[in-house]
Number of protein chains: 2
Amino acid sequence: MRVLVTGGMGYIGSHTCVQMIEAGMTPIIVDNLYNSKETVLERIQNLTGVTPAFYKGDIRDREFLDGVFAENDIDAVIHFAGLKAVGESVEKPLEYYDNNVSGTLVLVEAMRTAGVNAIIFSSSATVYGDPASVPITEDFPTSATNPYGRSKLMVEECLADIQHAYPEMSVTLLRYFNPVGSHKSGTMGEDPQGIPNNLMPFISQVAVGRREFLSVFGDDYPTVDGTGVRDYIHVVDLADGHLAALTHKGREAGLHIYNLGTGNGNSVLQMAKAFEKASGVEVPYKIAPRRAGDIAECWADPAKAKAELNWEAKLTLDDMTQDTWRWQSTNPDGYPDAE
Amino acid sequence: MRVLVTGGMGYIGSHTCVQMIEAGMTPIIVDNLYNSKETVLERIQNLTGVTPAFYKGDIRDREFLDGVFAENDIDAVIHFAGLKAVGESVEKPLEYYDNNVSGTLVLVEAMRTAGVNAIIFSSSATVYGDPASVPITEDFPTSATNPYGRSKLMVEECLADIQHAYPEMSVTLLRYFNPVGSHKSGTMGEDPQGIPNNLMPFISQVAVGRREFLSVFGDDYPTVDGTGVRDYIHVVDLADGHLAALTHKGREAGLHIYNLGTGNGNSVLQMAKAFEKASGVEVPYKIAPRRAGDIAECWADPAKAKAELNWEAKLTLDDMTQDTWRWQSTNPDGYPDAE
């Protein structure tokens with residue numbers, strides 16, 4: 001199976017490419033390297049013995065995309081490419097809507113022209129807004145509290161309308177909960193540019209000495225210890241979810257929506273403690289005010305993905321923290337510009 | 001005042017250009033003529049003695065737009081350009097999202113580059129979804145029931161986030177109710193391609209003999225006579241609303257939202273009767289099933305526009321029907337390709 005992977009050099013994309021190659025699939029990567037490094041390609045090669053086809057370019061460039069589709073006989077698309085930082089999206093909404101929404105529309109137009117019908121889209125649990133209860137099932141109402149979340153929701157809505165108009169299409173929306181962890185080799189992991197927006201890279205950068213302390217945004221939520229609770233899922237499990245989608249519903253005509261989460265919640269302080277245990281390094285923290293738009297707790301009901309994709313998360317909290325530490329401690333500054 | 005008018009050759013755009021010229025403003029028209037004819041320009045000239053600058057091109061073409069901004073010292077933008085047929089949007093959602101959403105994002109990017117801060121956007125009462133009550137005020141919750149409506153709502157959301165990020169910008173969202181009528185000269189009016197989606201062009205095409213009968217979609221709504229009730233507003237009043245916006249809040253930094261409606265509702269059968277009176281021609285009709293997504297009744301509370309823009313609709317139902325008939329009876333096939 002030949003799969004176009006947009007954003008394939010990014011955190012989740014790169015792990016998915018490794019696992020696709022190991023499963024005998026052929027990823028063809030498109031990435032503008034806005035938020036990733038070209039050295040990721042060598043890491044994929046070191047792990048798999050295969051160098052995937054890589055096209056440096058932007059999904060908003062229709063001519064570029066048409067060329068990629070023309071040169072490759074693509075069976076399906078996994079669409080990771082997009083901007084993903086909540087705070088930045090408030091400052092730069094035009095870039096977020098242009099990259100995420102317009103970019104997806106250009107991609108789908110190129111797919112239609114090339115006769116490619118299957119797309120698996122990187123959505124997010126953020127489309128549940130502030131959920132009325134947990135665990136969250138796929139039929140919960142959707143909403144958004146910031147431009148990043150709105151861009152994900154808009155893409156979901158566009159893709160649903162497109163699938164309705166072109167019933168031969170297969171549209172799969174994978175709603176990720178909170179991806180963490182790294183490849184067990186320690187050679188691939190999350191490498192955010194600038195100040196990390198997500199908890200685990202922040203914790204691990206504190207542990208490795210790149211940052212002084214962890215800011216915990218709010219300790220007065222109605223949760224186990226007052227800090228926010230999220231459903232952290234190992235990136236290797238998440239990548240597996242994409243393979244499961246490709247194998248099961250992800251090329252079948254229709255609109256398919258799945259939560260990819262573990263079904264378990266952990267608080268910020270629980271994650272920090274677990275990381276200290278895995279790393280043997282203390283993670284000092286300071287309590288800061290709540291951030292606007294943050295919710296108290298959020299975790300998935302992953303039953304639908306289990307029933308229809310035969311997929312469930314298998315890796316533990318220890319795997320998440322140990323693998324993150326292995327990556328961060330051996331690559332304290334993330335990927336190099338060149339190797 | 002030099003105002004870039006996207007979609008300036010269309011129904012509402014062309015009337016607005018005439019009134020802008022009469023008020024001493026300078027419209028600079030951008031239109032791809034997808035849904036309009038170049039002869040509109042001559043009609044504007046005949047009415048005003050002025051031929052506005054006209055650039056044939058697509059707002060999704062950034063280079064084209066940059067050229068237009070570079071050649072003209074633009075003070076503000078009125079953004080009419082967009083696809084607008086509900087039924088077609090269900091069949092062709094990709095085109096709707098691409099034209100309406102991506103197109104607006106390209107336009108705003110070009111505005112940012114050119115240093116133009118004021119945009120007045122053609123929104124629609126469709127963003128109120130199925131309102132809980134009437135009359136509708138601007139703070140009602142928003143939703144959408146079809147891709148056209150979703151595209152309008154997405155643009156509103158994008159523009160609101162963009163204005164928040166760039167507080168020097170002036171974003172005005174004008175939510176039109178149901179525009180009808182024509183210029184009183186009878187030389188300009190609504191000229192839908194194919195089967196009209198809106199009531200008045202349909203009625204007038206029946207009256208002029210282009211169509212056999214009017215289909216009334218549903219006669220069992222909880223309204224005065226069972227048929228749907230809408231807030232019909234004369235296009236000349238609507239165009240005036242844009243001039244009022246330009247003069248008052250429409251170039252002041254901030255996010256401004258106004259209903260443009262009359263505050264009165266009329267049913268489908270009331271409109272047909274009024275049209276028969278104006279034209280002296282019988283309009284035969286047949287009752288058809290309700291259309292999915294249609295609501296029972298919808299009319300504006302126009303108080304905010306009156307208070308802040310010093311604008312209110314002045315023309316009557318007789319003006320709407322008489323002017324429509326004058327246009328339709330003297331231009332039974334709409335605008336010619338050339339004059």
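Every chain is numbered on its own, with residues counted from 1 as its sequence reads. In the order they appear in the text, chains get letters beginning with A and ligands get numbers beginning with 1. Only residues with pLDDT of 70 or above have their local features reported here, since the model is predicted, and side-chain atom pairs are shown and tallied only from 80 upward, although totals for entire chains, interfaces and linings are computed over all residues. Calculated side-chain values reflect all of the structure's heavy atoms, with hydrogen atoms and water omitted.

An unreviewed UniProt entry lists chain A under the name UDP-glucose 4-epimerase, with Photobacterium phosphoreum as the source organism. Annotation of chain A in UniProt includes, under Catalytic activity (unreviewed entry), the sentence "UDP-alpha-D-glucose = UDP-alpha-D-galactose". UniProt positions are given in the numbering used here, feature names are shortened, and annotations may be inferred rather than shown by experiment.

(A) Representation of the UniProt feature "domain: NAD(P)-binding" (unreviewed entry) in chain A in the model. The UniProt record marks residues 4-324 of chain A with the feature "domain: NAD(P)-binding" (unreviewed entry), using the residue numbering of this structure. The secondary structure listing takes helices from DSSP runs of H or I that are at least 4 residues long and strands from runs of E that are at least 2 residues long, numbered from the N terminus. With 40% helix and 18% strand, the stretch residues 4-324 of chain A has end C-alpha atoms that lie 27 Å from each other.

(B) The arrangement of the sheet that holds strand β4 (residues 76-79) of chain B in detail. Residue and element names in this part refer to chain B. Paired strands are those between which DSSP finds at least two bridges. Pairing is parallel in the open sheet, where 7 strands are placed in the order β3-β2-β1-β4-β5-β6-β11. Every other strand in the sheet has two partners, leaving β3 (53-56) and β11 (254-260) as the edge strands with one partner each. Adjacent strand axes in the sheet meet at a mean angle of 20°, parallel and antiparallel pairs treated alike. We call two residues in contact whenever any of their non-hydrogen atoms come within 4.5 Å of each other. Note on method: axes are straight lines fitted to C-alpha atoms, helices fitted across the in-contact stretch only, with angles between N-to-C directions ranging 0 to 180 degrees. Each of β1 (2-6), β4, β5 (118-124), β6 (170-176) and β11 is contacted by helix α8 (residues 235-247), which is oriented at about 160° to β6, the strand it contacts most.

(C) Main features of the pairing of strand β6 (residues 170-176) of chain A. All names here are of chain A. Extensive coverage of β6 is indicated by the burial of 7 of its 7 residues. Residues Ser 170, Thr 172, Leu 174 and Tyr 176 of β6 are buried on one face, and the alternating residues Val 171, Leu 173 and Arg 175, pointing to the opposite face, are buried as well. Looking at chain direction, strand β5 (residues 118-124) and β6 are connected through 7 bridges and run parallel. Bridge pairing links Ile 120 to Thr 172 in β6. Bridge count between β6 and strand β11 (residues 254-260): 7 bridges; the pairing is parallel. What sits directly across from Leu 173, in β11, is Ile 257. Under the scheme applied here, a residue whose accessible area is under 20% of the maximum for its type counts as buried, over 50% as exposed, and between as partly exposed, the area being computed with a 1.4 Å probe on protein chains only.

(D) How the structure looks around the relation of the copies chain B and chain A. Copies are brought into register by a least-squares superposition over C-alpha atoms of residues with pLDDT of at least 70 in both. Between the two copies, chain B and chain A, the superposition gives an RMSD of 0.0 Å; the rotation angle is 180° and the shift along the axis is 0.0 Å. Those values place the two copies in the arrangement expected of a two-fold rotation axis. Considering only C-alpha atoms, the part of chain B nearest the rotation axis is B:Ser102, at 2.6 Å. Both copies contact each other with a shared surface, as 100% of the interface residues of chain B are interface residues in chain A too.

(E) Spotlight on the packing of helix α6 (residues 147-165) of chain A against helix α6 (residues 147-165) of chain B. The contact between α6(A) and α6(B) brings their axes to 11 Å, and the two run at 165°. Classified by the interaxial angle, the pair formed by α6(A) and α6(B) is roughly antiparallel. Of the two elements, α6(A) crosses α6(B), and the hand of that crossing is left-handed. On the side of α6(A), the interface is formed by A:Pro147, A:Arg150, A:Met154, A:Glu157, A:Cys158 and A:Asp161, while α6(B) contributes B:Pro147, B:Arg150, B:Met154, B:Glu157, B:Cys158 and B:Asp161. Amino acids are sorted into nonpolar (Ala, Val, Leu, Ile, Met, Phe, Trp, Tyr, Cys and Pro), charged (Asp, Glu, Lys and Arg) and polar (every other residue, Gly among them). Grouping the constituent residues of the contact of α6(A) with α6(B) by class yields 6 nonpolar, no polar and 6 charged. When an angle is under 35 degrees it counts as roughly parallel; over 145 it counts as roughly antiparallel; between 65 and 115 it counts as roughly perpendicular; any other value is oblique. With the far helix as reference, a near helix turned anticlockwise by less than a right angle produces a left-handed crossing, and one turned clockwise produces a right-handed crossing.

(F) Region of the structure containing the interface of chain B and chain A. Contact with chain B, which involves 24 residues of that partner, is made by 24 residues of chain A. A combined buried area of about 2,000 Å² lies between chain B and chain A, and 67% of that area is made up of carbon and sulfur atoms. Of all residues in chain B, the largest losses of buried area upon contact with chain A belong to B:Leu94, B:Met154 and B:Asp161, amounting jointly to 29% of the total for that side. By definition, a salt bridge exists where a carboxyl oxygen of Asp or Glu is found within 4 Å of a side-chain nitrogen of Lys or Arg. There are 2 salt bridges connecting chain B and chain A. Of the charged contacts in the structure, one is a salt bridge between A:Asp161 and B:Arg150, with a shortest N-O distance of 2.8 Å. Polar contact is defined as a pair of N or O atoms within 3.5 Å, subject to the rule that within protein one atom must be able to donate a hydrogen and the other to accept it, and that residues adjacent in sequence are counted only when both atoms are side-chain atoms. At the surface where chain B touches chain A, the tally comes to 5 residue pairs in polar contact (both at pLDDT 80 or more). Of all the elements in the fold, those that place two or more residues in the side of chain B that touches chain A are α4 (86-91), α5 (93-114) and α6 of chain B. Here the quantity called buried area is the total loss of accessible area, with a 1.4 Å probe, experienced by two parts when brought into contact, counted for both.

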